[in-house]
Amino acid sequence: MWAPSLWRAALSPGRRAHSALAQLRGILDHELEAIRGAGTWKSERVITSRQGPCIRVDGISGGILNFCANNYLGLSSHPEVIQAGLRALEEFGAGLSSTRFICGTQSIHKNLEAKIAHFHQREDAILYPSCFDANTGLFEALLTPEDAVLSDELNHASIIDGIRLCKAYKYRYRHLDMADLEAKLKEAQKHRLRLVATDGAFSMDGDIAPLREICRLAAQYGALVFVDECHATGFLGPTGRGTDELLGVMDQVTIINSTLGKALGGASGGYTTGPEPLISLLRQRSRPYLFSNSLPPAVVGCASKALDLLMESNAIVQSMAAKTRRFRSKMEAAGFTVSGANHPICPVMLGDARLSSQMADDMLKKGIFVIGFSYPVVPKDKARIRVQISAVHSEEDIDRCVEAFVEVGRLHGALS
């Protein structure tokens, strides 16, 4: 028999906590080793310069061409955008230390929301810390157990998470499959509201939702249409309004969520724009809005100037489209398979996770910054290197990237 003192020592809170921590470490070490073993480990490269077509990377001498940023229009380092952010910082401070409804709403927030609504030709808009927050804040506030949401199976993780939070009946239709969507719309007729949710442009594959067909089916079956435009706002469509402008259905899409953290300045922030009563409801019930600090003034100032530049001229949009065509045509001529069509997201499909990671590492050695994407970010056996074209890439930059891909592809047997 153990002495009472030994029992107390064995059961002491300190010993139990240490044992639990040791157990946790063992579990985590096993999980991390499994990720490494599968070849899907994601390392973070440290950039020591501002964002742009040419960057500096910690541990590597010389400039590196950056082909994996969401800086589609090159505005993240545009001098007028930076100056607008500095002016907002000087005038309105570093931050609000508060949520919007307490004491965190400034005139620049209201002005930017009005500008966003005007840009998208909608009634009103509401700002969030990110579009992830906008997506997780929308569905729970809008939809009840009486309603239904119909979601493309390859929608962004933030849409999926937002839908999980709501109590509506959930349908998932096959990617871009309009016959499957119609079948599920027929099944969903028993519900009060029906909301079709889709990305406008799908970030991993570079393909674009068939919004004309989606809107036609929605009208036929009395549904609303929601589109996430994060990888479309600012550069798709004749004036950069997005996929609804590109496909001529701006008056048929009910709700748009998008980001300020990609083409529109590249900092952070997201928004919902749509009918005024919906925006008013989100201000009352959307949890990420109600319980998150306001966007910092500098971010608001940068995004507002980015929108001004975009609405003044579509020259940047046209430049990026031409460079996208150049990259895609040259890569396909070299023998690579590039997913999607006419979008600056250009996924170079390789299949094997380890191959995509190794090729991305070797591309960096040749002065090209790209990243391999693999499971769970994309489906198993569909690993790829996702290249993203920016308006500020030169034609010489694009040609150099293609040449590096050819050299590295041959080295790894990805090209004959």
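As a convention, each chain's residues are numbered from 1 in the sequence order in which they are written. Two thresholds apply to this predicted model, a pLDDT of at least 70 for residue-level local features and 80 or more for giving and counting side-chain atom pairs, whereas whole-chain, interface and lining totals are computed over all residues. Excluded from the side-chain calculation are hydrogens and water; included are all heavy atoms of the structure.

A. Examining the packing of helix α6 (residues 131–142) against helix α11 (residues 276–285) more closely. Here the axes come from fitting lines to C-alpha atoms, over the contacting stretch only for helices, and the angles between their N-to-C directions go from 0 to 180 degrees. Strands are runs of DSSP state E lasting at least two residues, helices are runs of H or I lasting at least four, and both sets are numbered from the N terminus onward. Where α6 meets α11, the closest approach of the two axes is 10 Å, and the angle between their N-to-C directions is 100°. Comparing their axes, α11 and α6 come out roughly perpendicular. Contacts from G137, L138, A141 and L142 of α6 reach α11 at L278, L281, L282 and R285. A breakdown of the residues in the contact of α6 with α11 according to their chemical character gives six nonpolar, one polar and one charged. Just so you know how the angles are binned, under 35 degrees is roughly parallel, over 145 roughly antiparallel, 65 to 115 roughly perpendicular, and the rest oblique. Pairs of residues are marked as contacts when any of their non-hydrogen atoms sit within 4.5 Å. Three categories are distinguished: nonpolar for Ala, Val, Leu, Ile, Met, Phe, Trp, Tyr, Cys and Pro, charged for Asp, Glu, Lys and Arg, and polar for the others, with Gly belonging to the last.

B. Main features of the pattern of salt bridges. Salt bridge criterion: a side-chain nitrogen from Lys or Arg within 4 Å of a carboxyl oxygen from Asp or Glu. Throughout the structure, instances matching the rule amount to 18 salt bridges. Its salt-bridge partner being R174, residue D180 comes within 3.8 Å of it at the nearest N-O pair. Between K366 and E407 there is a salt bridge whose closest N-O contact spans 3.0 Å. Taken together, the positions of K366 in the loop between α15 (353–365) and β11 (368–369) and E407 in helix α16 (residues 395–411) put the pair 41 residues apart, joining distant regions of the chain. Judged by relative accessible area, which is 38%, K366 ranks as partly exposed. Summary of the burial criterion: residues with accessible area below 20% of their type's maximum are buried, those above 50% are exposed, and those between are partly exposed, where the area comes from a 1.4 Å probe applied to protein chains only.

C. Structural context of the environment of P275. If you trace the backbone, P275 turns up in the loop between β9 (270–274) and α11. In this structure, the C-alpha to C-alpha distance between P275 and E123, residues 152 residues apart in sequence, is 5.3 Å.

D. Inspection of the side chain of D199 at higher detail. Looking at the secondary structure, you find D199 in strand β6 (residues 194–199). Residues adjacent in sequence count toward polar contacts only when both atoms are side-chain atoms; beyond that, a polar contact is any pair of N or O atoms within 3.5 Å, and within protein one must be able to donate a hydrogen and the other to accept it. In terms of polar contacts, D199 uses its side chain to reach the backbone amide nitrogen of H156, at 2.8 Å. Residue contacts for D199: discarding those within four places in its chain leaves L154, N155, H156, I159, A209, V227 and D228.

E. Quick peek at the environment of A223. Locating A223 in the fold gives a position in the loop between α9 (211–220) and β7 (224–228). What makes A223 buried here is its relative accessible area of 14%. In the structure, A223 is positioned 177 residues away from R400 in sequence and 47 Å away in space, judged by C-alpha atoms. Those residues within four positions of A223 in sequence are excluded, and the remaining contacts are L185, R194, V196 and A218.

F. Representation of the packing of aromatic side chains in the model. Working definition: a ring pair exists when centres of Phe, Tyr or Trp rings (six-membered ring for Trp) sit within 6.5 Å. Plane angles under 30 degrees give stacked, over 60 give edge-to-face, the rest tilted. For the structure on display, the rule yields five aromatic pairs. With a centroid separation of 5.3 Å and an interplanar angle of 75°, the aromatic rings of F139 and F226 are classed as edge-to-face. With a gap of 87 residues between them, F139 in helix α6 and F226 in strand β7 connect regions that are remote in the sequence. The same class applies to F139 and to F226, which are both buried. Between R36 and the ring centre of W41, over which it is positioned, the NZ or CZ distance is 4.1 Å. Each ring is checked for a lysine NZ or an arginine CZ that lies within 6 Å of its centre and within 35 degrees of its normal; such an atom marks a charge sitting over the ring. Sitting over the ring of Y375, K380 keeps its end group 4.9 Å from the ring centre.

G. The arrangement of the state of the cysteines in detail. Cysteine sulfur atoms are paired as a disulfide whenever they fall within 2.5 Å. Tallying each qualifying case throughout the model produces zero disulfides. Here C302 stays unpaired: no disulfide links it, and the sulfur of C230, its closest cysteine neighbor, is 18 Å away.

H. Structural detail: the sheet that holds β11. Within the open sheet, the three strands sit side by side as β1-β2-β11. Their pairing is mixed. Looking at strand neighbours, the two that pair on one side only are β1 (54–55) and β11, the edges of this open sheet. Criterion used throughout: strands pair if DSSP finds at least two bridges between them. Pairing of β1 with strand β2 (residues 64–66), which is carried by two bridges, proceeds in the antiparallel orientation. Residue pairing for β2: I55 is matched across the bridge by I64.

No statement about biological role is implied by the geometric values presented.
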